[in-house]
Amino acid sequence: MRIGLLGFPQSGRTTLFEALSGGHARERVASVPIPDPRLETLARLADAKKVVPATLEWHDDLPEWYPDKPETVRQTLSLARQMDALVLVLRAFESPYAPYFTSIAPLRDLQFWLDQFVLSDLQVIENRLERLKKLRQLHKESPPDAMETMVLERMHAYLHQHGTLRTFEIPQDLMGRMRGYGFLTRKPVVVALNLDESQLGSAPPFLAEVQRRSVWEVVALCAPFERDLTQVAKSEQAEFLQMVGLEAPRLPMLVRTVYAQLHLQVFYTVGDDTRAWLVPIGATALEAAGVIHSDLARGFIRAEVCHADTVIALGGWTNAQKAHKVRLEGKDYPLRDGDVIHVRFNS
């Protein structure tokens, strides 16, 4: 899953990316583990030699956005459409270097992005409708084309009226056909409100208003503080957090919030190689097998299943088997978040 960071120059976007990546990035792209205490416990109980967490791929490689240069706006949003989710970084700290908006006004900046998302989605719909109109004039319109035209016209009116497509229901028959449009107002978005370090222990006056007015989840943090904290030994972090009035880092909260917006769930495989895997909520045992390896899906027989909480409570997978807590499930079994599975298959 690819997460794109968006923000005005000097908003702290790259600083936030540095905090997320811990300095381990390639060409401004980094795979960041999802915080998962269950995986750590499962790995310890299995005496695992290799532990692989589930990750999200974070991107700080979207072009800089300069509001007075429309071509940069179009280029940035075009690439943002290719992301699975977006994190919008809003500046909420004083900065003598901020080139466009010198005063702190997160609501103003938020509205700018909302407007740009709406305008961009309207443009995508209008461009597609124009192409479909030409097909109709050339008598080359297929029944799916006609259905798409009808839905896009409804989407256009809906977006004008509501300012978002999040709640617009696209017919199932057209989901695959329209997925490639990457409508920005339908994407999962999280707002990262980038505070000054002095504001961390309190609630800035604009925070509640941003949370109330935003159509997206809001996480307040200080990117430079979070970046610096990643360089401090875990045993010493509590002291630094206490100094700014925090009980825990905010960075894991941001990662978990983005994860929640993606409507994913995690399952585990345990042994010498213990891993966490991501699948969409509602995925079946067969689909999970395919995520592990295509051979497992092709030769699928049954899946041995036990929830991670039960495995941990009983002291490991072997103990869960001895306690008859491991079930055999077929290919249509809907996975639960936190299931541990072992796939039986024909090689």
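Residues numbered from 1 in each chain as written. Predicted model: local features only at pLDDT ≥ 70, side-chain atom pairs only at ≥ 80, totals over all residues. Heavy atoms only, no water.

Caption draft 1: Here's a closer look at the overall build of the protein chain. The secondary structure content of the protein chain amounts to 14 helices and twelve strands. Along the three orthogonal principal directions, the C-alpha set of the protein chain runs to about 65 × 65 × 35 Å. Here the protein chain, with 347 residues, has 46% of them falling under the buried criterion. Of the contacts made within the protein chain by residues no fewer than 6 positions apart, 69% connect residues no fewer than 24 positions apart. Split by element, the accessible area of the protein chain, about 18,100 Å² in all, is 50% carbon and sulfur. Considering the protein chain, the positive charge centre built from 40 side chains and the negative charge centre built from 43 side chains are found 5 Å apart. (Helix = DSSP H or I, 4+ residues; strand = E, 2+ residues; numbered from the N terminus. Buried < 20%, exposed > 50% of the residue type's maximum accessible area, 1.4 Å probe, protein only. Contact = heavy atoms within 4.5 Å. Areas by Shrake-Rupley, 256 points an atom, 1.4 Å probe, with all protein chains shown as cover. Lys, Arg positive; Asp, Glu negative; His and termini not counted. Charge placed at Lys NZ, Arg CZ, Asp CG, Glu CD.)

Caption draft 2: Structural view of the side chain of Gln116. With respect to the helices and strands, Gln116 occurs in helix α4 (residues 106-137). On the basis of relative accessibility, which here comes to 19%, the residue Gln116 falls in the buried class. Each residue touching Gln116, except ones within four places of it in the same chain, is listed here: Trp65, Val73 and Leu77.

Caption draft 3: Broad picture of the packing of aromatic side chains. What the rule picks out here adds up to seven aromatic pairs. Residues Phe8 and Trp113 carry aromatic rings whose centres are separated by 5.6 Å and whose planes lie at 45 degrees to one another, so their mutual orientation is tilted. Here Phe8 is found in the loop between β1 (2-7) and α1 (13-21), whereas its partner Trp113 is found in helix α4, with 105 residues between them in sequence. The same class applies to Phe8 and to Trp113, which are both buried. For the pair Trp113 and Phe117, a centre-to-centre distance of 6.2 Å together with 80 degrees between the ring planes defines the contact as edge-to-face. (Phe/Tyr/Trp six-rings, centres within 6.5 Å; stacked < 30°, edge-to-face > 60°.)

Caption draft 4: Region of interest: the sheet that holds β1. Pairing is mixed in the open sheet, where six strands are placed in the order β2-β4-β1-β5-β6-β7. Here the strands that pair on one side only, and so sit at the sheet edges, are β2 (29-33) and β7 (217-221). With strand direction ignored, the average angle separating the axes of adjacent strands in the sheet is 30 degrees. Running over the sheet, α1 touches β1, β2, β4 (55-59), β5 (85-92), β6 (189-195) and β7 and is turned about 150 degrees from β1. (Pairing = 2+ DSSP bridges. Axes fitted to C-alpha atoms, helices over the stretch in contact; angles between N-to-C directions.)

Caption draft 5: Region of interest: the nonpolar core. Among the nonpolar cores identified, the biggest contains 38 residues, and Leu16, Leu56, Trp58, Val87, Leu254 and Val258 are the most heavily contacted of them. The residues touching Leu56, leaving out its near neighbours within four places in the chain, are Met1, Ile3, Ala30, Ser31, Val32, Ile34, Val255, Val258, Tyr259, Leu262 and Leu278. Counting residues in hydrophobic clusters, the runner-up holds 34 residues, among them Ala80, Leu88, Leu110 and Phe206. (Core = buried A, V, L, I, M, F, W, Y, C linked by side-chain atoms within 4.5 Å.)

Caption draft 6: Looking closely at the pattern of salt bridges. Under the definition given, this model contains 20 salt bridges. Between Arg177 and Asp145 there is a salt bridge, with the nearest N and O atoms lying 2.1 Å from each other. On the criterion of sequence distance, the pair formed by Arg177 in helix α6 (residues 172-178) and Asp145 in helix α5 (residues 143-162) is long-range, its members being 32 residues apart. Shared partners join several salt bridges into a network, and the residues in it are Arg128, Asp145, Glu148 and Arg177. (Salt bridge = Lys/Arg side-chain N within 4 Å of Asp/Glu carboxyl O.)

Caption draft 7: Just the environment of Phe267, in detail. Considering the arrangement of structural elements, one finds Phe267 in strand β8 (residues 264-269). Residue class for Phe267 comes out buried when judged on its relative accessible area of 0%. Placed eleven residues apart in sequence, Phe267 and Leu278 show a C-alpha to C-alpha distance of 6.6 Å. Leave out the neighbours within four places in its chain, and Phe267 touches Arg275, Ala276, Trp277, Val279, Ala288, Ile292, Leu335, Asp339 and Ile341.

Caption draft 8: Layout of empty space enclosed by the protein. Applying the stated criterion across every chain yields a total of two cavities of 30 Å³ or more. Of the voids in this model, the second largest cavity is the one considered here, and its volume is about 40 Å³. Surrounding the second largest cavity, Leu114, Phe117, Val118, Gly163, Thr164, Arg166, Thr185, Val215 and Trp216 form its lining. Looking at the lining of the second largest cavity residue by residue, the class counts come to five nonpolar, three polar and one charged. (1 Å grid on protein atoms, 1.4 Å probe; cavity = no way out; pocket = protein on both sides within 12 Å on 5 of 7 lines; lining within 4 Å. Points joined across faces, edges and corners; volume = space filled by probe spheres on them. Nonpolar A, V, L, I, M, F, W, Y, C, P; charged D, E, K, R; others polar.)

Read these as spatial facts, not as claims about activity.
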